[in-house]
Amino acid sequence: MVTSTSTNTDRNPGRGRAAALRGARTAVALALLASGALVLGTGGPRESSPAAGAPRQVPLAAQQEQAGQSEQSGQADCDLYRSVPPSTEDGPAVKAVKAKRSLVVGVDLNSYRWGSRNPNTGQVEGFDIDLARAIGTAIMGDPEKVVLKAVPTADRIKFIQEGRVDIIVRTMSITCERMEQVAFSRPYFTTSQRVLVPRSSPAKTMDEALNGVTACAASGSSAEEELKTRPVKQLVTVQNHLDCLVLMQLGKVDATMTDDGLAASQAAQDQTVRVLDGEVRPGVMGIAMLKTSTDLTARVNQVLNDYYTGGSWRRAYDTWLKPYLLDDADRHWPTAR
């Protein structure tokens with residue numbers, strides 16, 4: 001699978017001439033394809049993420065059959081808003097985290113405005129990063145005890161179940177299937193799936209963009225599941241959402257599907273691509289952790305409540321997402337049903 005690093009955030013489509021931009025973008029793309037993701041804490045690089053490889057290409061018929069089986073799994077009526085009540089008490093899971101003197105948070109370091117490294121300051125920043133640090137600081141009482149660890153999209157659940165991270169704050173949609181494997185906080189962001197195409201594409205709608213083309217999605221994502229139901233010629237899956245943008249820049253895929261927030265940030269990062277009108281699979285994002293960590297889930301829910309009512313959620317939205325989503329922030333805060 002393709003693995004990319006956070007160094008990609010140095011693209012600024014507004015600078016330089018078109019030829020120089022194309023050359024720089026291609027150089028960055030090739031570098032991303034050849035490298036592995038970094039793992040960062042508050043003190044800098046910690047360790048490397050899984051080794052990079054080639055994008056995974058699975059026969060479409062097999063994928064569509066798998067999608068059909070998933071739709072018939074009987075989980076369609078689960079409540080995506082269900083979570084434990086918020087609490088400030090320290091139970092066994094929280095005490096265990098405090099005993100090891102660090103809260104390890106799985107994040108994305110490759111998504112512009114959500115989680116990436118600023119090329120000018122070297123700092124990891126974004127909407128999810130602000131939230132991750134707020135949760136970690138509230139629980140640990142010290143921002144220096146919060147460790148940010150890069151997690152590929154496809155490995156989010158694996159990292160939780162293997163104890164490699166304590167929580168995941170990484171544009172992770174809550175789904176019925178995932179609720180069977182990990183615990184989720186209350187939702188903190190509403191989302192849907194959108195399609196990105198090169199500006200040169202003649203496609204005007206999502207259906208036109210996906211009919212008989214090579215499409216890309218992150219492995220294990222909601223976008224991958226949606227594309228399995230679409231008449232694409234070939235579905236390419238990668239480790240991280242940004243790898244699809246890289247492959248589209250190199251002309252190896254015709255379209256990308258991802259969360260609307262990530263689609264908007266990628267279009268802002270590279271003005272040679274555009275987001276098509278139309279959205280599918282409305283959903284919500286949540287923070288994931290072990291199913292047995294009930295008290296940790298309750299603490300996270302308390303922090304989310306405070307984060308929103310205290311105005312921090314809105315400030316983070318205005319800072320990182322408002323210029324690119326171009327809509328009302330209230331539409332993206334999930335209201336419990």
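Summary of the structure given here. Computed from a predicted model, the values in this text were never measured in an experiment.

Moving on: the state of the cysteines. If you walk through the whole model with that rule in mind, you get 2 disulfides. A sulfur-sulfur distance of 2.0 Å marks the disulfide that ties Cys 78 to Cys 176. Disulfide Cys 78-Cys 176: the torsion about the S-S bond is -85°, which places it as left-handed. With Cys 78 in the loop between helix H2 (60–71) and helix H3 (92–99) and Cys 176 in helix H6 (residues 176–179), this residue pair connects regions lying 98 residues apart in the sequence. Given the relative accessible area of 26%, Cys 78 is considered partly exposed. The class of Cys 176 is buried, set by a relative accessible area of 16%. In this model Cys 216 forms its disulfide with Cys 244; the gap between the sulfur atoms is 2.1 Å. When the S-S torsion is -80°, as for the bridge of Cys 216 with Cys 244, the disulfide is left-handed.

Another point: the packing of aromatic side chains. A full pass over the atoms with the stated rule returns 11 aromatic pairs. Ring plane angle 65° and centroid distance 5.5 Å describe the contact between Phe 127 and Phe 189, whose orientation is recorded as edge-to-face. Of the two residues, Phe 127 sits in helix H4 (residues 127–140) while Phe 189 sits in strand E11 (residues 189–198), which places them 62 residues apart along the sequence. An identical accessibility class is assigned to Phe 127 and Phe 189; each is buried. Put simply, the rings of Trp 114, Phe 127, Phe 189, Tyr 308, Trp 313, Tyr 317 and Trp 333 touch in pairs and so form one group of aromatic residues. In this structure, Arg 113 packs its charged tip against the face of Tyr 112, placed 5.5 Å from the ring centre. Directly above the ring of Phe 159 sits Arg 164, whose terminal nitrogen or CZ lies 3.9 Å from the centroid.

It is worth spelling out the sheet that holds strand E5 (residues 110–111) at this point. The pairing of strands in a sheet happens through backbone hydrogen bonds and is either parallel or antiparallel. With respect to topology, 3 strands assemble into an open sheet ordered E5-E6-E7, the strand pairing being antiparallel. This sheet does not close on itself; its edge strands, each paired only once, are E5 and strand E7 (124–125). With 2 bridges connecting them, E5 and strand E6 (residues 115–117) associate as antiparallel partners. Considered in E6, the bridge of Asn 110 is made with Ser 116.

What follows covers the packing of H3 against helix H11 (residues 294–309). Running from N to C, H3 and H11 point in directions that differ by 85°, and their axes come no closer than 5 Å. Judged by the angle between their axes, H3 and H11 are roughly perpendicular. Taken together, the residues of H11 that come into contact with H3 (itself represented by Pro 92, Ala 93, Val 94 and Lys 98) are Asp 295, Leu 296 and Arg 299. Taken together, the residues of the contact of H3 with H11 break down into 4 nonpolar, no polar and 3 charged.

The subject of this paragraph is unusual backbone geometry. With a phi close to 75°, Arg 113 is a non-glycine residue in the positive phi region. For Arg 113, the position within the fold is in the loop between E5 and E6. We note that Thr 171 has phi near 35°; this positive angle belongs to a residue other than glycine. Relative to the helices and strands, Thr 171 is located in the loop between strand E9 (167–168) and H6.

With that settled, the discussion passes to the pairing of strand E12 (residues 214–218). For E12, the buried fraction is high: 5 of the 5 residues fall into the buried class. Neither face of E12 is left uncovered, since the one carrying Thr 214, Cys 216 and Ala 218 and the one carrying Ala 215 and Ala 217 both have all their residues buried. With 5 bridges connecting them, E12 and strand E13 (residues 234–238) associate as parallel partners. Looking at the pairing, Ala 217 lines up with Thr 237 of E13. Once the chain exits E12 it traverses helix H8 (residues 222–227) before rejoining the sheet at E13, and the crossover so formed is right-handed. Two elements, E12 and strand E14 (residues 255–259), share 2 bridges in a ladder whose sense is parallel.

Analysis parameters
Residues numbered from 1 in each chain as written. Predicted model: local features only at pLDDT ≥ 70, side-chain atom pairs only at ≥ 80, totals over all residues. Heavy atoms only, no water. Disulfide = S-S within 2.5 Å. Helix = DSSP H or I, 4+ residues; strand = E, 2+ residues; numbered from the N terminus. Buried < 20%, exposed > 50% of the residue type's maximum accessible area, 1.4 Å probe, protein only. Phe/Tyr/Trp six-rings, centres within 6.5 Å; stacked < 30°, edge-to-face > 60°. Lys NZ or Arg CZ within 6 Å of the ring centre and 35° of its normal. Pairing = 2+ DSSP bridges. Axes fitted to C-alpha atoms, helices over the stretch in contact; angles between N-to-C directions. Parallel < 35°, antiparallel > 145°, perpendicular 65-115°, else oblique. Contact = heavy atoms within 4.5 Å. Nonpolar A, V, L, I, M, F, W, Y, C, P; charged D, E, K, R; others polar. Right-handed = clockwise from strand over helix to strand, strands pointing away.

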